[in-house]
Amino acid sequence: QVQLVESGGGLVQPGGSLRLSCQASGSILGFIVMAWHRQAPGKEREWVASISSRGLTYYGDSVKGRFTISRDNAKNTVYLQMNSLKPEDTAVYFCKISLGGGMVYWGKGTLVTVSS
């Protein structure tokens, strides 16, 4: 069983920065991809960024150049550094891990609010 716990959300002014963390517990050896998704009020969940087991990173168009995904293998943690935040970045941010055999786990999310 794998558990994911997100942290680091909060209230920030437009143009500010936040760093989200997602710590994984359990057996995640051989993970394929870890990713961040977000869901704004009244909208569907959308993909934000991914990092593969080889360290390759991918970003959605709306966050490219502003967000950076990274991981610390020793801590079983993936991060999302968010810079130049905009009000439209307001959402609950979820961490997801995809393991071999089609197993997928989600965290419960952390709320990011961008407002003056």
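Refer to the preceding data block for the structure.
Residues numbered from 1 in each chain as written. Predicted model: local features only at pLDDT ≥ 70, side-chain atom pairs only at ≥ 80, totals over all residues. Heavy atoms only, no water.

Engineer: Explain the sheet that holds strand E7 (residues 67-72) here, please?
Structural biologist: Hydrogen bonds between backbone atoms are what pair the strands of a sheet, whose relative direction is either parallel or antiparallel. Taken together, the four strands give an open sheet; going across it, the order is E1-E3-E8-E7, and neighbouring strands pair in antiparallel fashion. At either margin of the open sheet sits one strand with a lone partner, and together these are strand E1 (3-7) and E7. Across the sheet, the mean angle from the axis of one strand to that of its neighbour is 15°, orientation sign disregarded. Of the strand pairs in this sheet, E1 and strand E3 (residues 18-25) are connected by five bridges, and their pairing is antiparallel. What sits directly across from Val 5, in E3, is Gln 23. (Pairing = 2+ DSSP bridges. Helix = DSSP H or I, 4+ residues; strand = E, 2+ residues; numbered from the N terminus. Axes fitted to C-alpha atoms, helices over the stretch in contact; angles between N-to-C directions.)

Engineer: Help me understand the pattern of salt bridges in this model?
Structural biologist: Any two side chains of opposite charge can pair, so long as their charged atoms come close to each other. For the coordinates displayed, the defined rule picks out four salt bridges. Its salt-bridge partner being Arg 38, residue Glu 46 comes within 2.6 Å of it at the nearest N-O pair. Given the relative accessible area of 34%, Glu 46 is considered partly exposed. Lys 64 is the salt-bridge partner of Asp 61, the closest N and O atoms lying 3.3 Å from each other. By relative accessible area, Asp 61 is classed as exposed at 68%. (Salt bridge = Lys/Arg side-chain N within 4 Å of Asp/Glu carboxyl O. Buried < 20%, exposed > 50% of the residue type's maximum accessible area, 1.4 Å probe, protein only.)

Engineer: Before we go on, may I ask you to explain the state of the cysteines in this structure?
Structural biologist: A covalent bond between the sulfur atoms of two cysteines is what we call a disulfide. The tally for this structure, following the rule as stated, stands at one disulfide. Residue pairing for Cys 22: its cysteine sulfur links by disulfide to Cys 95, the two sulfurs lying 2.1 Å apart. Measuring the twist about the S-S bond at about -80°, one finds the Cys 22-Cys 95 disulfide to be left-handed. You can see Cys 22 sitting in strand E3 and its partner Cys 95 sitting in strand E9 (residues 91-98), a full 73 residues away along the chain. Cys 95 carries the same exposure label as Cys 22, and that label is buried. (Disulfide = S-S within 2.5 Å.)

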